[in-house]
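A closer look at the structure
Okay, here's what each chain looks like letter by letter:
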2 protein chains.
Amino acid sequence: MSVTAPRGFRAAGVAAGIKGGEHRDVAVIVNDGPSRAAAAVFTTNRVKAAPVLWSQQVLAGGRVYAVVLNSGGANACTGAPGFQDTHATAERLADALEDSAAEIVVCSTGLIGERLPMPELLAGVDAAASTVARDGGLDAADAIRTTDSVSKIAFRRGGDGYTIGGMAKGAGMLAPSLATMLSVLTTDADLTSEQCDTLLRAATACTFERVDADGCTSTNDTVLLMASGASGVVPDTAEFARLLTEVCQDLCNQLIADAEGASKTIAIEVVGAASTTDAVAVGRSIARNALFKCAIYGEDPNWGRVLSAVGTTDAVFEPDHLNVAINGVWICRGGAVGDDRSKVDLKPREVTVTVDLSAGTEAATVWTTDLTAEYVHENSAYST
Amino acid sequence: MSVTAPRGFRAAGVAAGIKGGEHRDVAVIVNDGPSRAAAAVFTTNRVKAAPVLWSQQVLAGGRVYAVVLNSGGANACTGAPGFQDTHATAERLADALEDSAAEIVVCSTGLIGERLPMPELLAGVDAAASTVARDGGLDAADAIRTTDSVSKIAFRRGGDGYTIGGMAKGAGMLAPSLATMLSVLTTDADLTSEQCDTLLRAATACTFERVDADGCTSTNDTVLLMASGASGVVPDTAEFARLLTEVCQDLCNQLIADAEGASKTIAIEVVGAASTTDAVAVGRSIARNALFKCAIYGEDPNWGRVLSAVGTTDAVFEPDHLNVAINGVWICRGGAVGDDRSKVDLKPREVTVTVDLSAGTEAATVWTTDLTAEYVHENSAYST
């Protein structure tokens, strides 16, 4: 159902020849209103791609009419000419839609450091703009894939008759903040741009911000929320917050399940923390520990590597009070050997590591993947 | 020449059966004085192995008579019984040497979370203590190897007739602070324990602290400096500092060259930094970027991944003023594409990445390795 599940949105995805061949590589999503309320969160990387710099300016106004996304090139580290390319892309879509470029967001994904092939891209913008339709959500989700093996889409329906839809892409460079990816979320609920901002930040903080596949933060991350108001429903804020978070979590689950070269999906549950900040910090440290990730790949319940990762954080804990379970078996108790490690079954793709800091009542889960030879192969041959 | 290059030291390395087979796994180094001045730096990991907790207490006194090291087990995350094992090991050597355990350092390396086989270890302590000799330095260096393919040793001679010797081990879990390893440095210069401390901290700060093979900080890191004073020479402090740093750097070069599964040795030179702290932070961020390390493995001069790693730091820089050279070719200028990337020759094992932050005059070099399929294989099968 993707981004066109809610009323008021049309979308398209076309093959413009940027990626070569018949692969779709340009998507356009149009918000027909009546509202154009919107908000976005962007990468925290200080090296930001041209489309991020552009879109940050657009979002300052709190209104978005349309978004154009391309795969096949990130338009990052391309200097002033790259920014002009983004500007020209927005202008081209504005012309096609007979509106202002000031309310058009641009997203790009692909290789860093290369200019986009503008004739192909601009022709693709025209083609997509002329074919946007209520059933175009799947094509749009397909067009933003890079190394993604599948499209990622999700939706939820609210009790009062509104809908939230979403699409995402991201398979490598998956780390906060944000987990490297592009995502567009749409709703026909009636929200102000301020509400969009508050709700989006809350939802991404506990979803996209807690996906960490390879510790690498991209230059292009963007999560955009657009509210058309077409349902006429002013939603219950608590319910909307819950459903938006569910859509984000659904997309995150799809991202982590499709992460480049991964053979395991790992949920790192940190419990007994003095604060949520501590729990996230510990989860992220484990998620980024290369030796731990190799051990899971090898189906080795190596809790020592978990403890050594915990020990690099400044979270509140006592080393002698740490407990670690892998897939439910508490193989480390009190900072030392616990139950029989041979009872741990690491054959399934889904792995849960539970770390009890014994320091409080807060908890958080960080999602990551194992580190595999396939990841190395895929990422050693990407740009050549 | 190892740790017995300076006068006043005897050493031995024996096969005690901890690792199984005929591999040496217990080393003893004795300082016959007349001085027992010493200092050490230890892992910053808050999960510290029993021998680290023990040795920190010993070093509080500033005097070390002997050190016993074992491979085949880290004695980390072993709780109170593990600490008692370390205590018993020190007492056994004290008995054999007819001295006090309070001046005996213990170092262990190997798998985390398993108790040491004490009968074998204690018999090995006896055997090593009874065979320590002036020519035992090489055997000691051999006994501390884990996945190290070769022993690491170094020495320098001072102009006034003193010598500095050293040995080290470390191939995985190689990251500050410290780069995961054990190292013992010896000298026959006449130094106070305070001088040892100051000189050792200065030397390790720009050597061991700047090796970052895999971002993983161990539970057992120890660098110990013992000064026998046997040469009778009170060294020129500046010269001694320089030579001690050279010995440390020499050992670091050997560590990084032997890092697990690496096919490239990468020096990340950060120049034009506003501060040394900034330069080290940028270098470390690049050294820990999995995608960059995969690219070098694939001999792909992917400067975009360098910039995206720089962008995650809070160092002083402007994205549009960043320049990057790989093996001398400035493929990124002003934050965008620079010279022809096809001119970069990444065939040699030695790779130099130079990042110019254009923000000042400070510089630092961080050493790392590429991320290879072999690293994954080696570390996914370590404990099973």
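Residues numbered from 1 in each chain as written. Chains lettered and ligands numbered in written order. Predicted model: local features only at pLDDT ≥ 70, side-chain atom pairs only at ≥ 80, totals over all residues. Heavy atoms only, no water.

By the naming in an unreviewed UniProt entry, chain A goes by Arginine biosynthesis bifunctional protein ArgJ and is assigned to Nocardiopsis ansamitocini. Its UniProt record gives chain A the following Function (unreviewed entry) comment, quoted word for word: "Catalyzes two activities which are involved in the cyclic version of arginine biosynthesis: the synthesis of N-acetylglutamate from glutamate and acetyl-CoA as the acetyl donor, and of ornithine by transacetylation between N(2)-acetylornithine and glutamate." Listed in UniProt under the heading Subcellular location (unreviewed entry), the comment for chain A reads: "Cytoplasm". (UniProt positions renumbered as here; feature names shortened; annotations may be inferred.)

Here we take up the overall build of chain A. Scanning chain A from terminus to terminus reveals 10 helices and 15 strands. Principal-axis analysis of the C-alpha atoms gives chain A an extent of 65 × 50 × 35 Å. Taking all 384 residues of chain A together, the buried fraction comes to 63%. Taking contacts inside chain A between residues at least 6 apart in sequence as the whole, the part at least 24 apart equals 80%. When the accessible surface of chain A is summed, it comes to about 12500 Å², and 49% of that surface belongs to carbon and sulfur atoms. When the 29 positive and 47 negative side-chain charges of chain A are each reduced to one mean point, those points stand 2 Å apart. (Helix = DSSP H or I, 4+ residues; strand = E, 2+ residues; numbered from the N terminus. Buried < 20%, exposed > 50% of the residue type's maximum accessible area, 1.4 Å probe, protein only. Contact = heavy atoms within 4.5 Å. Areas by Shrake-Rupley, 256 points an atom, 1.4 Å probe, with all protein chains shown as cover. Lys, Arg positive; Asp, Glu negative; His and termini not counted. Charge placed at Lys NZ, Arg CZ, Asp CG, Glu CD.)

A word on helix α2 (residues 79–97) of chain A. Spanning 19 residues, α2(A) covers 28 Å between terminal C-alpha atoms, matching the ideal 27 Å at 1.5 Å per step. Structurally, α2(A) contributes buried residues whose contacts are with β2 (26–31), α1 (50–59), β4 (66–71), β5 (104–109) and α3 (118–129) of chain A. (Expected span 1.5 Å × (residues − 1).)

This brings us to the relation of the copies chain B and chain A. You can overlay chain B on chain A at an RMSD of 0.0 Å; the transform is a turn of 180° with a shift of 0.0 Å along its axis. When the rotation and shift are considered jointly, the pair of chain copies conforms to a two-fold rotation axis. Taking C-alpha positions as the reference, the residue of chain B nearest the rotation axis is Ala373(B), at 2.2 Å. Same-surface contact between copies: 100% of interface residues of chain B are shared with the interface of chain A. (Least-squares fit on C-alpha atoms with pLDDT ≥ 70 in both.)

Turning our attention to the side chain of Thr109(A). Summarising the element assignment, Thr109(A) is placed in strand β5. Not counting the four nearest positions on each side in its chain, Thr109(A) is found in contact with Asn70(A), Ser71(A), Gly72(A), Gly73(A), Ala74(A), Ile144(A), Thr146(A), Lys169(A), Leu182(A) and Asn220(A).

Turning our eyes to something else, we now look at the UniProt feature "binding site: substrate" (unreviewed entry) in chain A. This chain's UniProt record puts "binding site: substrate" (unreviewed entry) on Thr146(A), Lys169(A), Thr180(A), Glu260(A), Asn379(A) and Thr384(A). Counting through the fold element by element, Thr146(A) comes out in the loop between α4 (137–143) and β6 (152–157). Tracing the backbone through its elements, the reader meets Asn379(A) in helix α10 (residues 373–380). The residues touching Asn379(A), leaving out its near neighbours within four places in the chain, are Glu260(A), Leu291(B), Cys294(B), Ala295(B) and Arg305(B).

Attention now goes to the packing of helix α5 (residues 193–205) of chain B against helix α6 (residues 237–257) of chain B. All names here are of chain B. Packing of α5 against α6 leaves a shortest axis separation of 9 Å and a crossing angle of 50°. Of the possible angle classes, the one that applies to α5 and α6 is oblique. Two packed elements cross with a definite hand, and for α5 against α6 that hand is right-handed. Judged by residue contacts, Gln 195, Leu 199, Leu 200 and Ala 203 of α5 engage Thr 237, Phe 240, Ala 241, Leu 244, Thr 245 and Cys 248 from α6. (Axes fitted to C-alpha atoms, helices over the stretch in contact; angles between N-to-C directions. Parallel < 35°, antiparallel > 145°, perpendicular 65-115°, else oblique. Left-handed = near helix turned anticlockwise from the far one by under 90°.)

Take the interface of chain B and chain A next. With 52 residues of chain B at the interface, the matching set in chain A holds 52 residues. Across the contact surface, chain B and chain A share zero salt bridges. Linking chain B with chain A are 10 residue pairs in polar contact (both at pLDDT 80 or more), by the criterion used here. Breaking the side of chain B that touches chain A down by element, the ones donating at least two residues are α8 (290–297), α9 (303–310), β13 (336–337) and α10 (373–380) of chain B. When residues in the side of chain B that touches chain A are grouped by element, the largest group, six residues, is from α10(B). Across the side of chain B that touches chain A, the residue classes tally to 24 nonpolar, 22 polar and six charged. (Salt bridge = Lys/Arg side-chain N within 4 Å of Asp/Glu carboxyl O. Polar contact = N/O pair within 3.5 Å; in protein donor to acceptor, adjacent residues only side chain to side chain. Nonpolar A, V, L, I, M, F, W, Y, C, P; charged D, E, K, R; others polar.)

The subject of this paragraph is the domain arrangement of chain A. Residue and element names in this part refer to chain A. Taken as a whole, chain A is organised into domain 1 (2–257) and domain 2 (265–380). Once you take the C-alpha centre of each, domain 1 and domain 2 turn out to be 32 Å apart. Contacts between the two partners involve 14 residues from domain 1 and, on the opposite side, 16 residues from domain 2. Taken together, both faces of the contact between domain 1 and domain 2 bury some 1200 Å²; the carbon and sulfur share is 46%. Looking at the side of domain 1 facing domain 2, the largest losses of area belong to Arg 210, Asp 212 and Ile 256, adding up to 51% of the total buried there. On inspection of domain 1 and its partner domain 2, the count reaches two salt bridges. (Domains from an automatic or database assignment. Buried area = accessible area lost by both parts, 1.4 Å probe.)

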